[in-house]
Amino acid sequence: MSIVQKYCVAPGFNPGRVLPAVSNEYFAVPMTRTSIGVWSFDKLELRHKPLELHGHRKSITALAFGNRSAANVLCSCAGDYVIVWDIEVSQRNFDERKQIKGEIIGTSIGEINYCVFNADDTLVAVCVDVNVYILKSNTQTVLAVLDGHLNRVTGAEFCPHYSSTIVTISDDRTFKIWDLHSHSLVYQSCVITSSALVNICMNWDEPTFSVGSADGIVRTYDLTDGNDFRTLFQLDINSIKRKIRGASFKNQIAGVRNGSKTISSRQTWKKSDGIIPTNDNPGFIDRCEESIVGLCYAYPQGHRKDAEVPSFLRSAVTEMLNKTAAVLLVATTSTLLQIDPKSLETLDFVDLQMEIPSKGDFASRGITLDALDFSSFNSGHSVWAVVGTLLENRLHVLDWPLVTCANSPSEEETLNIESAMDLLSLHPDLNPNRERVSRSCELSMVATNPLCENSPLSSKLTPISKEKQRSSSVTRRNSIPAAKKSDSMNQPITFKNKVKSSGYSTQAPKGKLFQPQTCKTKQMTLKRSQSHEASLQLEDYPMNCGQPNEQISTRSVCETSAPITSLRFSGNGQNVASGLANKLAISFPLSTKKMGSTYQGHDAAVNSVYWSRDNSMLVTASDDKTAIVWTCNPRDPIMKISTTLDNFSDSDSATKKTNPLFPKEVKQSQFYYMDKFILLISGNGFYMYKYYLDTSKHEIRRYLTKSKYKLVKSWFLDSQCLTAMAAVNSFYSHVAICAGSNRSYEIFDMNEGRSVSLITDAHIRPIHAIALNEGSTYVSQPDAAYNVFATAAVADCIKLWDLRTNKCVQRFEGHVNKAIPCGLAISPCGQYLASGSEDKLTYVFDVRTGTYCDRLGGHSDVVSTVAFHPAKPLLASGSIDGNVVLYKPENWHS
């Protein structure tokens, strides 16, 4: 346990159980009914006497320190006066044996239960019954009285980002947001919980605030203009407490058993660990609900700043990763927790029922909190926690180190420009004489290591040359017995070697007849398309045009309405491919209203579509347990992947045993490693194939293709089935990610052909979509930005992960996804993330803020898939209603 008890103070008489006030240097608590004791953290070990402040005649009911570190001011409230004390001046007068006086700013206001300073310590808000009084901190002036709550006001906080904004909470289970400049009520919430709201704190890094309730739930709200004060997240502290204590108790039982293991024949989800918690067990898992006692945001120092990052290495993703993250401190009556407010991961957990280490002879065990306050320590690496117990009149001063949110690796690893190697030099075909570089570097989405000697990525499928085919056919012909050669029944009946047509000469005509100028039209069309593609390549992706928020077109993909399961732009942005539930895949041009090309060959719903890097091929996956590769001419498929090993031999009974069909539907397929391989998932297997495409067809049996594929390597995961897959094809990458039905995802190093990490319990439900930050050929990002990817699950939020740390760095909530899987995509610039939703809207999230910046309508049913244009700031969304809607930024013109 990292927390340490530094000191124990017996303040004296405090019948009102007044909360202690804590600053960076001091903490204060009533010593008698009318006097205040102020202790310095620096002098606790010297056991010095506290600074005593006298000035009240009635019982003190509330204390609060100011927010400015330069001037330590303390506000004390009682039924007679509201007094502001300057601690430095009071300490100087005490040392000089002068009279200590404070500034009276309010008289006979009433019984005050809470007080707080604003950001610059010029205003003080005091809560009296159902009203809140706004006072000046240097004169007896009441600026405003906030009246509107139906029950006792339990807390108030000024917003540091909007100086005239104040938020109040009450026992009526609502909060209100006031504007002191316009003297108006800005927002009034509904009843948000069945329990009273007891704590509130402001985030000084971002315009958000958190509210704690008596049922142990922390809710965080957004104060940004235009966001309607929406809920960002909701955190059940009691659930976290039970989960951590249960895991700790299981570890204790496992240690007692000394390696013994229970062998069970039950299914995985029916297995029990044989642990029955009782009251006698030290790790008893209690079911009681604890109230939130304290809330505070702490800000670790010593991290990197955005200004330290070179401008050419900045992007929206790196800005989010490199930003100094705040830590949410939460206290209940028996626990202390540090929470990452972006990922909601528990960074540290302190059980106060266990023994706390101490530096003196005042070790304590079994602390039950009823009063607590936090404050950031001077070094920025720890916080002071002043804890008041329930059954004894003592204060415990705890030094609690902050656990930093490691969103990204160290500065040297991220900002080392020399490690940015040329990708061409890593490919064995382009540079066979490359130097061997150490493979001790960390795994990243951009390939930074050369291929291994026996790497699966080095394999190829080379076709047999015509000379070898001719020699093999001659050998096969010579092996035929003579009886069979002379047999008349073995001779060809219809097709001879050469049959001359009657009425035509073998020589070419002397004069040219009329010929239409078809070649000229084709050349003109080809030149026009090439010039259009060249014009696209000359244009850079606009980075500062804002998010897509304006609908520009709606298009029905198919004549008969069919749900759209997948949507993807081609690499040049000219075509859009969509997979449908009616066994079809359709690609259509984005610039015209013409009907596109229909790919018909599957016998069940098409699950995914994926373009090749050169935009000449398309691979589709279907529920019919096959994956098909198509060319731009969708007349016939060019290759069909239906067996697990290869398609070299015919399908006879012997081959079916050694080369079986896929066990289940093919959930997803895609090109990989610059179109060199094909990846797909089926059942619990993850397959990688090398292939060779031959567009020639048999003259009669045109359904037979001459394209070949062969299995390079396969992996089988500890899951009933795989639900999602993702890998980069636009540049060389050695990383592939697979998600399974066991709510986990696994990262593979395709260079070494093995699994490198497994993240369990990534979501509360199986992951159904993985979106990579691939960028595009029209925009460049720092290498560190490509290491971010997003996952989504039904009945859960969207999570943004960092590949290098395997930790969630951001959460996105607000969309509706309770039953139907909804797709997601990251924009080429890396600033926005789009997601479908069951409320018929498309949500666009800002990666930097963690909340949605727009909700786009236009559909009449669930939005099932989304895709970003690679060259323009356009967003396409597909729905179950069979329509594709296109959006663009409001102020952007193509």
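The structure we're discussing is the one just above.
Residues numbered from 1 in each chain as written. Predicted model: local features only at pLDDT ≥ 70, side-chain atom pairs only at ≥ 80, totals over all residues. Heavy atoms only, no water.

A. Region of interest: the pairing of strand β6 (residues 60-65). In terms of residue burial, β6 counts as a mostly covered element, since five of its six residues are buried. As judged from the five bridges shared by β6 and strand β7 (residues 73-78), these two strands associate in the antiparallel manner. The residue of β7 that forms the bridge with A62 is C77. (Buried < 20%, exposed > 50% of the residue type's maximum accessible area, 1.4 Å probe, protein only. Helix = DSSP H or I, 4+ residues; strand = E, 2+ residues; numbered from the N terminus. Pairing = 2+ DSSP bridges.)

B. Spatial organisation of the environment of A119. Here A119 is to be found in the loop between β10 (112-117) and β11 (123-128). A relative accessible area of 31% places A119 in the partly exposed class. Between the C-alpha atoms of A119 and F158, which are 39 residues apart in sequence, the distance is 7.0 Å. Filtering out sequence-adjacent residues up to four positions away, A119 remains in contact with N67, R68, P160 and W204. (Contact = heavy atoms within 4.5 Å.)

C. Region of interest: the side chain of S682. Positionally, S682 belongs in strand β39 (residues 677-682). Here K664 takes part through its backbone oxygen, which lies 2.7 Å from a polar atom of the side chain of S682. Polar contacts involving the side chain of S682 include one to the main-chain carbonyl oxygen of E665, which spans 3.5 Å. Non-local contacts of S682, meaning those with residues more than four positions away in its chain, are made with F662, P663, K664, E665, V666 and Y687. (Polar contact = N/O pair within 3.5 Å; in protein donor to acceptor, adjacent residues only side chain to side chain.)

D. View of the nonpolar core. M445, I737, Y745, I770, L772, F789 and W801 are the most contacted members of the largest nonpolar core, which has 21 residues in total. Secondary structure elements with two or more residues in this core: β42 (722-727), β43 (735-740), β44 (745-749) and β46 (767-772). Residue contacts for I737: discarding those within four places in its chain leaves M445, A724, M725, A726, Y745, E746, I747, I770, L772 and F789. (Core = buried A, V, L, I, M, F, W, Y, C linked by side-chain atoms within 4.5 Å.)

E. Just the sheet that holds strand β29 (residues 550-556), in detail. Judged by pairing direction, the sheet is antiparallel, and its four strands sit side by side in the order β29-β56-β55-β54 without closing on themselves. The open sheet is flanked by β29 and β54 (863-868), the only strands paired with a single partner. Neighbour-to-neighbour, the strand axes of the sheet open up by a mean angle of 20°, direction not taken into account. The pairing of strand β55 (residues 875-879) with strand β56 (residues 883-888) spans four bridges and is antiparallel. Looking across to β56, one finds that L875 is bridged to Y887. (Axes fitted to C-alpha atoms, helices over the stretch in contact; angles between N-to-C directions.)

F. Fine view of the environment of G571. Mapped onto the fold, G571 is located in the loop between β30 (564-569) and β31 (575-580). Considering only alpha carbons, one finds G571 and R613, 42 residues apart in sequence, at a separation of 6.3 Å.

G. Representation of the packing of aromatic side chains. Under the definition given, this model contains 28 aromatic pairs. Judged by centre distance (5.3 Å) and plane angle (10°), the rings of F27 and W39 are stacked. A residue pair is termed long-range when its members are at least 10 positions apart, and F27 in strand β3 (residues 26-30) and W39 in strand β4 (residues 35-40) qualify at twelve residues. Comparing F27 with W39 shows no difference in burial state: the two are buried. Aromatic side chains Y187 and F229 sit 5.1 Å apart centroid to centroid with 40° between the ring planes, which places their arrangement in the tilted category. Here F229 lies in the loop between β20 (217-222) and β21 (231-236) and Y187 lies in strand β17 (residues 184-188), a separation of 42 residues in the sequence. F229 gets classed as buried once you look at its relative accessible area, which sits at 18%. (Phe/Tyr/Trp six-rings, centres within 6.5 Å; stacked < 30°, edge-to-face > 60°.)

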